[in-house]
Amino acid sequence: MKTAFVLGNGISRLQFDLGVLKKHGSIFGCNALYRDFIPDVLTAVDDRMIKEIIDAKIQKKCRFIIEDSQANQEFLLDSKIDSIVTNIPSRMDSGNLALLLAAQEATDVYMIGFDYISSTPFHNNVYAGSMNYKSKEEPHVLKVTEESWYYRALIVLLRHPTVNFYRVNNNDYIPPIQEYNFQNISPTLFDEKFQAYRPDFDINPFTKNANDRRTRRGVSGKVLQTREEKLNGRTN
């Protein structure tokens, strides 16, 4: 049996020590995750985010995979960028693209930071308010349509019926894909196996300086420098 962890960018992800997870399996992530942590595989869909990742030369540090689509042909000229044909009738989102890749390699896939809902009225994302992301004050909208996360996640589940998918989260929201090879499990139960949960870590985006801390917290709780701090010579 092979284990994979797929990291979404919902703020609940910040309560997990990603360095510990790396000891237990492959890590798949998306978009700006690379700012804090380099996974084994990184995905992106948005043109601006793809360009940001390429400019940061992350494709030299891990596998960077995008869809093999007409829109991405310019990016695929870089020989270090991998591509995949998803055969999904709508454009894939980056989180479910990472989920699809993980399901091709593992028998047990743990989804972390796939919050789907927000504990506040505002946008639930670790990187909200930063470059290429919505404002922190943007309302959080959950759309259950054919173009939604669920539709694409369901395709991934149906294509991989022998893979076990576990969404690790404390919120009581149950996605409408629960009846398939998918289940919610609590971080406490997850921690019994992997010892990577940090329930005392403050993820409230409205705590003073919390956004600064949460977007800079990397492996084993280490606080990373922002670009501005590096330029100003500040250390943490």
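Shown above is the structure to which this text applies.
Criteria and cut-off values
- Residues numbered from 1 in each chain as written.
- Predicted model: local features only at pLDDT ≥ 70, side-chain atom pairs only at ≥ 80, totals over all residues.
- Heavy atoms only, no water.
- Salt bridge = Lys/Arg side-chain N within 4 Å of Asp/Glu carboxyl O.
- Buried < 20%, exposed > 50% of the residue type's maximum accessible area, 1.4 Å probe, protein only.
- Helix = DSSP H or I, 4+ residues; strand = E, 2+ residues; numbered from the N terminus.
- Axes fitted to C-alpha atoms, helices over the stretch in contact; angles between N-to-C directions.
- Parallel < 35°, antiparallel > 145°, perpendicular 65-115°, else oblique.
- Contact = heavy atoms within 4.5 Å.
- Nonpolar A, V, L, I, M, F, W, Y, C, P; charged D, E, K, R; others polar.
- Phe/Tyr/Trp six-rings, centres within 6.5 Å; stacked < 30°, edge-to-face > 60°.

1. Concerning the pattern of salt bridges
Close approach of charged atoms allows side chains of opposite charge to pair. Here the structure, examined in full by the defined rule, presents 7 salt bridges. With its nearest N and O atoms 3.3 Å apart, the salt bridge here joins Asp-46 to Arg-48. When its relative accessible area of 51% is taken as the criterion, Arg-48 is described as exposed. For Arg-63, the salt bridge is made with Glu-105, and the minimal N-O distance between the two is 3.6 Å. Remark: Glu-105 occurs in the loop between helix H3 (94-103) and strand S6 (108-112) and Arg-63 occurs in strand S4 (residues 63-67); sequence separation between them is 42 residues. Residue Arg-63 is classed as partly exposed on the basis of its relative accessible area, which comes to 39%. Among the ionic contacts, a cluster of salt bridges with common partners joins Lys-2, Arg-63, Asp-82 and Glu-105.

2. Quick word on the packing of H3 against helix H4 (residues 149-159)
Interhelical geometry of H3 versus H4 gives an angle of 5° and a closest axis separation of 10 Å. By the angle class used here, H3 and H4 are roughly parallel. Between H3, through Asn-96, Leu-99, Leu-100 and Ala-103, and H4, the contact on the second element is made entirely by Trp-149, Arg-152, Ala-153, Val-156 and Arg-159. Of the residues contributing to the contact of H3 with H4, the split by class is 6 nonpolar, 1 polar and 2 charged.

3. Structural notes on the packing of aromatic side chains
Summed over the entire model, instances satisfying the criterion amount to 11 aromatic pairs. On the basis of an interplanar angle of 85° and a centroid distance of 6.1 Å, the ring pair of Phe-5 and Phe-190 is categorised as edge-to-face. Here Phe-190 lies in helix H5 (residues 187-194) and Phe-5 lies in strand S1 (residues 3-7), a separation of 185 residues in the sequence. Both residues of the pair, Phe-5 and Phe-190, count as buried.

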